[in-house]
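Notes for the structure review
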Amino acid sequence: MSGREQILAEIRARRLAQAPKPQRYSAPKIEGDLVEAFAKRLSAQHAEVRILNSMAEVPEAVADVLRARNMAARIHLPSDSPLASLALGGVEVRGEPPSAFDAALTVAPFAIAETGTLAYPARKVEPASWHFRPLLEIAVLRASDIVGELEEVLAKLGTLPSTLNLVSGPSRTGDIEQTMELGAHGPKALTVLVVKE
Amino acid sequence: MSERPRVGLFVTCLVDLVRPQIGFAAVKLLEQAGCEVAVPATQTCCGQPAWNAGADSDAKDIARAAIAAFEGFDYVVAPSGSCAGMIKRHYPEVFETDAEWLPRARALAQKTHELMSFLVKVRGVTGVPAGFAHKVCYHDSCSSLREMGVKAEPRALLGTVEGLSIEEIKDPQGCCGFGGLFSVKYPEISERMADDKIADACGTGADTLIGGDLGCLLHLAGRMKRQGKTMAVRHAAEVLADMGGEKALGEP
Amino acid sequence: MTLDPKAFPQAARSALNDPLLRPALGRLKTHFGAGRAMAVQRYGDFESLRDAGKAIRDYAVTHLDELLVTFEQAVNARGGTVHWARDAAEARRLILGILQDAGAKTVTKGKSMVTEEIALNPFLEANGIEPVETDLGEYIIQLRGEPPSHIIAPAFHLSKEQVAETFFARHTALDPKRSLEERNALVQEARAVLRQRFEAADAGITGANFLSAKEGAAVIVTNEGNGDLTRLLPKTHIVVTGIEKVVADMNDVAVLVRLLPRSATGQPISTYVSVMAGRRGEGESDGPRDFHVVLVDNGRSKLIGTEAQDVLRCIRCSACINHCPVYGAVGGHAYGATYMGPIGAALNPGMMGVAEAAHHANASTFCGRCAEVCPVKIPLPKIMRHWRAVEHASGLAPKAITRGLALWAFAAKRPALYRFGASIAARLLRMMGRGGAVRAVPVKNGWFAVRDFPVPEGKTFMAQWKARR
């Protein structure tokens, strides 16, 4: 008998009763504005959230974020990114994957207000590892792409991508003396630019 | 509320053996609350030590005897969250597969209560004519808290005792380390848990530790005596029944 | 450090006397314990969430065969492979086989308690493959040659000085005069050292917090991002998981993701929740080319249909461990097993046998705090009691205690005898007392090792009651 056969046989032989299919759980609904709720929750998780009025404000915001963090005016952006056409002005744009010291610019197709979470399906135009490689991740998110809960993102996605990364802040660890430090393996900082247009 | 309900007092083996005055205090409180109290002569133990040790056949025999002794009363009241909890929460488990005894176990469980919560929630007692001019701290046993849901009632009653003030300990959810046979099987771990609880109690500045379960109190008082600590230990029933002037646990 | 659950009493004693362990254990209470309490309060109706989690896991455990088959089909449809391991040895061989086929020499590892359970690392090393732990806590204890002392915070028992000492000793290529005073410096150093290992790894092994049957996905819940770099960079990704981790679909996972971080650390959500569904997509430059899931039984299916079945609902959050007063006194190493605290006490006698893990089920006061905080409402003390009953019925319980108990039970069933015995005992104890307490019986162990016994009044209640009436 194969391992598969034997394990399944054991389970079937031993089982007594079967529990019923549970009712769908309804999480507490978000009161008020989704953008506000999203920004509040993500900010509480050690990320920076900036609200912009239009895509036109993105280049200056990117430059400002880099300046504020004492980082060079250089950003890594996948060459096929939907943001590739954006004129980033005085910021140098590099197409190769960011190192552990670099900044990366990414696009979040969805976000979740309940938990302050960016939802990144892995895509050709934006490799999944970019959310983990750099020192700083700057994410661009349209306000209209913020939904209430994870279940809504799953419904919108339909079929799952190869990897779906749900990101709710910069990388952190409490593994030394239960005290939180940022930048364990993933980015030490995360800034989200929420664009209202 | 019925006139003069018949209450069977489940005195508990520890109270019977070590500190009978708790039993008399319970009788006094129940009679003050308008109950007719009987003490079935055949009671011995609820069977918890056997049940917790996995000695299931003994536990079942003892539990059957307890059910038979007490099922005729309107209520069964014990001055202990632990023993009341055994009957209320675990007797139905003991007889889970027993068609004859399961309904009897459930029926008994339905009418079994810890003393202080019985006085407050069933008899509507709002105060006691007792005096105890001391600053006290209160120890909630795990079974009182988590099996019987008793937390507010002891405080409500103690709050009406003349001269008594309660200072809450920092971690009321924490186990004192008694755990029945655990205290003899793993004495050093039990000791550490007791010391943490005692440090917490001493930190309140109270001169008396009061609780609702004699097992916990014997363990804590015994440890404090070994450490040479002077905080007095009493069962809540004694203080509520105005017997606070008698010797405390282990007092020479 | 050898792991022996039978050595629990000695190991516990040692732990109680370890001055470095106490502050670490205190931190668990103030950080994780307080964190959970705050998260529960903020959520609102947390009870309904626990009920929902319990129902989802109950459905899964009682439909385990069906869901595992559905899971396998979904993984296959996405070009992945599912392997079934009956026990630890088979799991190790299967994993080695996959790695050898892939020609892997170095493997990065995301945190996986199952790989601890099956003792994977030493086996890989013995076969010429280097496993590199990447979760910071796991990495630290790997360098120290210690087992984890907690299921989500494996190195919580160490001080930052101990971590610095280890980094100085093992990161020999770095400047010995550098400062590792600050926690931040330790984290940054690990980040730099491990980034090189991530890039160079031939394969990555992760665990799974959940398996979603319908979509054929494995889900990991982390804060560091190491699990993701483990999956995304190498060409082979292996998920090693217990068979009981499967749930019906991603909507079920979404509910459990609300429960797990809150119960574990008090976070509303962990920094990264990663849904890993097979190989890299068409044209993608990140992600594995080969995706494998190794399903490990190792004694889990044996628990189905028994009084311990509910333990299979466990989502490995560690809430029970964080709130257990016994674990809070002795820490994790004392248990001498992969799983410790209340979940260990409920699982180990089943998976390792009662003779091996009896102490785990016995070293509990049944205070019930674990069951109170369990996100999926496992009746942990009830299951521990079940193992005690098995131990008793098999004649394995220590004779001194069982004989004493049997004698006492004999009397308890005979009221007249009991009355007589109790009266004698009360009088005897009173006579032995000095200054209000009995200090010792001939052998100063058990109760008297650490306590006195307050002297009884001398006459039992029942005797006095009879006299009065």
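The rules behind the values
- In every chain, residue numbers begin from 1 and rise along the written sequence.
- Starting at A for chains and at 1 for ligands, labels are handed out in the order in which the entities are written.
- Only residues with pLDDT of at least 70 are given local features in this predicted model, and only at 80 or more are side-chain atom pairs given and counted; all residues enter the totals for whole chains, interfaces and linings.
- Each helix is a run of H or I in the DSSP string that is no shorter than four residues. Each strand is a run of E no shorter than two, and both are numbered from the N terminus.
- Based on C-alpha atoms, the radius of gyration is set beside the globule rule, defined as 2.2 Å times the residue count to the power 0.38.
- Each residue is classed by its C-beta neighbour count within 10 Å, where at least 20 other C-beta atoms makes it buried, 12 or fewer makes it exposed, and intermediate counts make it partly exposed; the C-beta atoms are placed from backbone geometry.
- A pair of residues counts as a contact when their C-beta atoms, built from backbone coordinates, are within 7 Å of each other.
- Nonpolar residues are Ala, Val, Leu, Ile, Met, Phe, Trp, Tyr, Cys and Pro. Charged residues are Asp, Glu, Lys and Arg, and all others, Gly as well, are polar.
- The start and end points of each domain follow an automatic or database-based domain assignment.
- Following DSSP output, two strands are said to pair if at least two bridges run between them.
- Angles shown run from 0 to 180 degrees and are taken between the N-to-C directions of axes, each axis being a line fitted to C-alpha atoms and, for helices, limited to the stretch in contact.
- Every residue carries a pLDDT, the predictor's confidence in it, which falls somewhere between 0 and 100.

A word on the overall build of chain B. Counting secondary structure elements, chain B contains 13 helices and 8 strands. Since a compact globule built from 252 residues should have a radius of gyration of about 18 Å, the 18 Å found for chain B is in line with a globular shape. Dimensions of chain B, computed from the C-alpha atoms along their principal axes, are close to 50 × 45 × 30 Å. Here chain B, with 252 residues, has 60% of them falling under the buried criterion. Sequence separation of 24 or more characterises 76% of the internal contacts of chain B that already satisfy a separation of 6 or more.

With that settled, the discussion passes to the environment of C:Ala337. Residue placement: C:Ala337 occurs in the loop between α14 (327–330) and α15 (341–352). If we ignore the near neighbours within four places in the chain, the residues touching C:Ala337 are C:Leu3, C:Pro5, C:Gly344, C:Asn348 and C:Ala357.

For interface size, the figure often reported is the accessible area lost on association. Between chain C and chain A, the residue contacts involve 73 residues of the former and 55 residues of the latter. The class makeup of the residues in the side of chain C that touches chain A is 33 nonpolar, 21 polar and 19 charged.

Take the domain arrangement of chain C next. Taken domain by domain, chain C comprises domain 1 (45–296), domain 2 (322–393) and domain 3 (399–468). Once you take the C-alpha centre of each, domain 2 of chain C and domain 3 of chain C turn out to be 30 Å apart.

Glancing now at the sheet that holds strand β3 (residues 130–133) of chain C. All names here are of chain C. Spatially, the 6 strands line up as an open sheet ordered β1-β10-β7-β4-β2-β3, and their pairing is parallel. Looking along the sheet, the strands with just one partner apiece sit at the ends: β1 (81–85) and β3. Within this sheet the neighbouring strands show an average axis-to-axis angle of 25 degrees, counted without direction. The pairing of strand β7 (residues 236–242) with strand β10 (residues 290–296) spans 7 bridges and is classified as parallel. Bridging from a neighbouring strand, Thr-241 pairs with Leu-295 of β10.

Time to look at the pairing of strand β7 (residues 136–142) of chain A. Remember that side chains alternate between the two faces of the sheet whenever the strand is regular. All names here are of chain A. Within β7, 6 of the 7 residues are buried, which leaves it mostly tucked inside the rest of the structure. As paired strands, strand β4 (residues 103–107) and β7 are joined by 5 bridges and run parallel to one another. Counted as the bridge partner of Ala-103 is Leu-136 from β7. The pairing of β7 with strand β12 (residues 189–195) spans 7 bridges and is classified as parallel. From the neighbouring strand, Ile-138 faces β12, where its bridge partner is Thr-191.

Residue and element names in this part refer to chain B. Under the domain assignment used here, chain B contains domain 1 (6–122) and domain 2 (135–240). Put simply, the middle of domain 1 and the middle of domain 2, counted by C-alpha atoms, are 22 Å apart. Contact residues are listed per partner, giving 29 residues for domain 1 and 22 residues for domain 2. At the level of elements, α1 (13–18), α2 (20–32), α3 (48–52), α5 (81–94) and α7 (115–122) are the ones that each hand at least two residues to the side of domain 1 that touches domain 2. Here the side of domain 1 that touches domain 2 is composed, by residue class, of 15 nonpolar, 9 polar and 5 charged.

Contacts between the two partners involve 57 residues from chain B and, on the opposite side, 52 residues from chain C. Every element with two or more residues in the side of chain B that touches chain C is listed here: α1, α2, α3, α4 (56–70), α8 (142–147), α10 (182–185), α11 (187–202) and α12 (214–227) of chain B. Within the side of chain B that touches chain C, the residues separate by chemical class into 28 nonpolar, 14 polar and 15 charged.

All names here are of chain C. Of note, the phi angle at Arg-316 is positive, near 55 degrees, even though the residue is not glycine. Position of Arg-316 among the secondary structure elements: in the loop between β10 and α13 (319–323). Although it is not a glycine, Phe-366 adopts a positive phi angle of roughly 55 degrees. With respect to the helices and strands, the residue Phe-366 is situated in the loop between α16 (354–362) and α17 (369–373). By the C-beta count within 10 Å, which is 23 here, Phe-366 ends up buried.

Moving on: the confidence of the model for chain C. The pLDDT averaged across chain C works out to 96; a share of 99% of its residues lies at or above 70. We note a pTM of 0.97 for the whole complex and an ipTM of 0.97 for its interfaces.

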